[in-house]
Amino acid sequence: MPLSSDRAPRAAFPIDWGGLAPLRLKSRAVAEGVYAGMHRSIRKGAGVEFGGQRPYVPGDDLRFFDRRALLRHDRLMVREFETETDRALWLCVDATASMSYRGRRAPGAKLAYAALVAAAMARVALATGDPVGLAWLGGAGTHGLPAMAGREAFERIVGALEATSAAQDWSGDAGAIERALAPIAKKARRGAVVLLLSDLLDLASESGGPDRALAAFTPLSTGGRTLIALQVLDPTEADLDFDGNVRLRALEGGAVVEADAGAVRAQYQARLAALADVWSRGLASRGGRLLRATTADPPTDVVRALVQAIAQVRR
């Protein structure tokens, strides 16, 4: 359960960046510390799929000289081949109210950390020429983006991430996740990588538990897409880092719990582990992966782990 002090909820929670800002500079620094590329992007050369023709230029490999084009059109042409298909990276960022939480040991809110990881992953993908798209779960001021490449893509993605606030309670909305993921289902092509960044909490707590949220996400694997989920928790959430009797209120769903933190800590952590196990097994059955992180973990290590996970599942 996302934790907060017992006060009235607000309509939206501006991102508490803390030490994770400025996003543009921090994400570039993270990306530079990571292996520059999840896979090879499209390149022309010897390969298995015919990719068209282009005029011959001095120095071209004569093995790919197109004799038929010379006979038909009296032009010197060479054949090209594609070694890999275009693989877009789709970032799906959870900006529901629970992502606004920041505990006393965290450098920033969960949404700020997810935005930093998302921006760094975009930077890594764009460096190899792969297009990047952006979609949202919940949030206020959100702006989805189609998959795009080029110099301006990174700036547009960072701008969209910076403009968002955490908002909306999805704990009782059975169709919210399906509606949010619909653009990816329509636009993501074969071979795309879909990366979900979320705490995975309260997405379906009143309407079927984590299985419903997972059931909405896993169909995106059809058509040769790769699914990766990163669960982002605050260190206080992961450890239930309180002493004595506490009163906790969920940021979504309105549940209020009063308990001795030490007495319930083991049960609480077991439930978190069970949630992760459900997602891990569900994604693995579709060829995907679940990774877990807290907002106190070095973001470079997390991005590197994501890059490696994507490379492994694509083999």
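About the criteria used
Residues numbered from 1 in each chain as written. Predicted model: local features only at pLDDT ≥ 70, side-chain atom pairs only at ≥ 80, totals over all residues. Heavy atoms only, no water. Buried < 20%, exposed > 50% of the residue type's maximum accessible area, 1.4 Å probe, protein only. Helix = DSSP H or I, 4+ residues; strand = E, 2+ residues; numbered from the N terminus. Arc of directions from axis to C-beta. Contact = heavy atoms within 4.5 Å. Pairing = 2+ DSSP bridges. Axes fitted to C-alpha atoms, helices over the stretch in contact; angles between N-to-C directions. Parallel < 35°, antiparallel > 145°, perpendicular 65-115°, else oblique. Left-handed = near helix turned anticlockwise from the far one by under 90°. Nonpolar A, V, L, I, M, F, W, Y, C, P; charged D, E, K, R; others polar. Salt bridge = Lys/Arg side-chain N within 4 Å of Asp/Glu carboxyl O.

**Some details on helix 4 (residues 151–162)**
For step 1, the next point in the chain: For helix 4, every residue scored as buried is listed here: Ala153, Phe154, Ile157, Val158, Ala160 and Leu161. Buried residues of helix 4 fall within an arc of 160° about the axis and therefore sit on the same side. Within helix 4, the exposed residues directed more than 90 degrees away from the buried face are Arg151 and Glu152.
For step 2, the next point in the chain: The inward-facing, buried residues of helix 4 abut helix 1 (23–32), strand 5 (89–94), helix 3 (110–127), strand 6 (132–137) and strand 7 (145–148).

**Considerations on the sheet that holds strand 6**
For step 1, the next point in the chain: The mixed open sheet is built from six strands, whose spatial order is 7-6-5-9-10-13. At either margin of the open sheet sits one strand with a lone partner, and together these are strand 7 and strand 13 (289–294). Ignoring strand direction, the axes of neighbouring strands in this sheet form an average angle of 20°.
For step 2, the next point in the chain: Where strand 5 meets strand 9 (residues 193–198), five bridges bridge the pair, whose relative direction is parallel. In the sheet register, Val93 faces strand 9, and the bridge partner there is Leu197.

**Focus on the packing of helix 1 against helix 4**
For step 1, the next point in the chain: Two elements in contact, helix 1 and helix 4, have axes separated by 10 Å at closest approach and are oriented at 125°. If you check the angle between helix 1 and helix 4, you find them oblique. Between helix 1 and helix 4 the crossing geometry is right-handed. Contacts from Leu23, Arg24, Ser27 and Arg28 in helix 1 reach Phe154, Glu155, Val158, Gly159, Leu161 and Glu162 in helix 4.
For step 2, the next point in the chain: For the contact of helix 1 with helix 4, a count of residues per class yields four nonpolar, two polar and four charged.

**Things to note about the pattern of salt bridges**
For step 1, the next point in the chain: Under the defined criterion, the tally for this structure stands at twelve salt bridges.
For step 2, the next point in the chain: Between Arg102 and Asp16 there is a salt bridge; the shortest N-O distance is 3.1 Å. Separated by 86 residues along the polypeptide, Arg102 in the loop between strand 5 and helix 3 and Asp16 in the loop between strand 1 (12–14) and helix 1 bring together distant segments of the chain.
For step 3, the next point in the chain: Glu155 is the partner of Arg24 in a salt bridge, and the nearest nitrogen-oxygen pair spans 2.6 Å. Within this pair, whereas Arg24 is found in helix 1, its partner Glu155 is found in helix 4, the two being separated by 131 residues in sequence.
For step 4, the next point in the chain: What makes Glu155 partly exposed here is its relative accessible area of 32%.
For step 5, the next point in the chain: Connected through shared salt-bridge partners, Arg24, Arg28, Glu155 and Glu162 make up one network.

These results come straight from atomic positions and should not be treated as a statement about function.
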